[in-house]
Amino acid sequence: MSGPRWIKESMLRVDHLTMRFGGLTAVNDVSFSVGRGDITALIGPNGAGKTTLFNCLTGFYKPTVGRIGFSPVGALDEAKIETLTATGRKYSRDGAVYLLERMANFEIARKARVARTFQNIRLFAGMSVLENLIVAQHLVLTPASGYGFFGLIGLPSWRHAERAAVSRAEKWLDRIGLTHRADDLAGALPYGDQRRLEIARAMCGNPALLCLDEPAAGLNANESHGLAALLREIRDEGETSVLLIEHDMAVVMAISDHVVVLDYGQKIADGSPAEVRENPAVIAAYLGVEEDEAEELSGEAQP
């Protein structure tokens, strides 16, 4: 992506990110940006470093080297990023710019409004479908309840917050077509419904950036099509940008505005889906051939 674009449009900028585990370098000097209002896909063969990079972005790992600038609203301000870097602070006083590599995962979720899902579904299986979506709003409900006290005595402010949380949960149940299963245990849902519920739960937190780790894993073709439609709707509403790791190339190519490709921890391609699809380095990584062979294959595929 060209240099000037991130200044005007990007909400997330990753600069020279490196993550080492002892002598193993899982992510090596990776830089890219995520545009506001875009669906950006992070792809690559197994072991390419995608989930490790996600864990750095969302605070589960602290990168060995690198900077992660993020703005939940407005364009990234380079001057504020440089000031934060120089002063050692985590975020600007106005909450417009954050350095995610300095923040704990709960701070990234609460303050920067970055939500994520995982490869393995992490619903509360023993809670109802509706309760899963209400609990997801704990960052609003907990202070509104006076950390339990206001809820016990039933203050109007708590009742208002509770009604709003239930209303938001019901809205998302309707969006994912699970209103009729609201009172069922989340663990009793079919796998595809659980995947959609997990995305709805993340969206109940009103994220500025939604990070999805293989959301189409285990879905059949119809379910993948429905997932793609849901993610496009989320993107098109304009309040949440999407960053996803995905192995289903049909989903990636159908919905992505921007694709970043990793291989052995390094970025090998960065561009539109069409550009990435025809990139010899990407073809070589996925087919396991040398890059000059991939160039020949790419040429043969041209009409």
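Predicted model only: the values in this text are computed from it and were never measured.

### Notes on the pattern of salt bridges
Point 1. For the structure shown, the criterion picks out 14 salt bridges.
Point 2. With a shortest N-O distance of 3.1 Å, lysine 90 and glutamate 107 are connected by a salt bridge. Taken together, the residues lysine 90 in the loop between helix H3 (78-87) and strand S5 (98-99) and glutamate 107 in helix H4 (residues 105-110) connect sequence positions 17 residues apart.
Point 3. By relative accessible area, lysine 90 is classed as partly exposed at 32%.
Point 4. The buried category is assigned to glutamate 107, whose relative accessible area is 10%.
Point 5. Notably, a salt bridge pairs glutamate 237 with arginine 175, separated by 2.9 Å at the nearest N-O pair. Within this pair, whereas glutamate 237 is found in the loop between helix H10 (221-236) and strand S8 (241-245), its partner arginine 175 is found in helix H8 (residues 156-175), the two being separated by 62 residues in sequence.
Point 6. What makes glutamate 237 partly exposed here is its relative accessible area of 47%.

### Thoughts on the confidence of the model for the protein chain
Point 1. In this model, the protein chain carries a mean pLDDT of 86, and residues with pLDDT of at least 70 account for 84%.
Point 2. Here residues 1-8 scores under 50 on pLDDT; set against residues more than four positions off or in separate chains, the count is 16 contacts.

### A few points about the environment of histidine 180
Point 1. Following the sequence through the fold, histidine 180 ends up in the loop between H8 and helix H9 (191-203).
Point 2. The exposure class assigned to histidine 180 is exposed, which follows from its relative accessible area of 63%.
Point 3. Considering only alpha carbons, one finds histidine 180 and valine 129, 51 residues apart in sequence, at a separation of 9.9 Å.

### Comments concerning the nonpolar core
Point 1. Ranked by internal contacts, the top residues of the largest apolar core, which has 42 residues, are Leu133, Trp172, Leu197, Ile199, Leu210, Leu231 and Ile234.
Point 2. Shared between two domains, this core holds at least three residues of each, these being domain 1 (1-113 + 209-218 + 240-270) and domain 2 (119-206).
Point 3. Beyond its immediate stretch of four places on either side in the chain, leucine 210 contacts Ala115, Ile199, Ala202, Met203, Ile234, Thr240, Ser241, Val242 and Leu243.

Reading the values: the criteria
- Residues numbered from 1 in each chain as written.
- Predicted model: local features only at pLDDT ≥ 70, side-chain atom pairs only at ≥ 80, totals over all residues.
- Heavy atoms only, no water.
- Salt bridge = Lys/Arg side-chain N within 4 Å of Asp/Glu carboxyl O.
- Helix = DSSP H or I, 4+ residues; strand = E, 2+ residues; numbered from the N terminus.
- Buried < 20%, exposed > 50% of the residue type's maximum accessible area, 1.4 Å probe, protein only.
- pLDDT = per-residue confidence, 0-100.
- Contact = heavy atoms within 4.5 Å.
- Core = buried A, V, L, I, M, F, W, Y, C linked by side-chain atoms within 4.5 Å.
- Domains from an automatic or database assignment.

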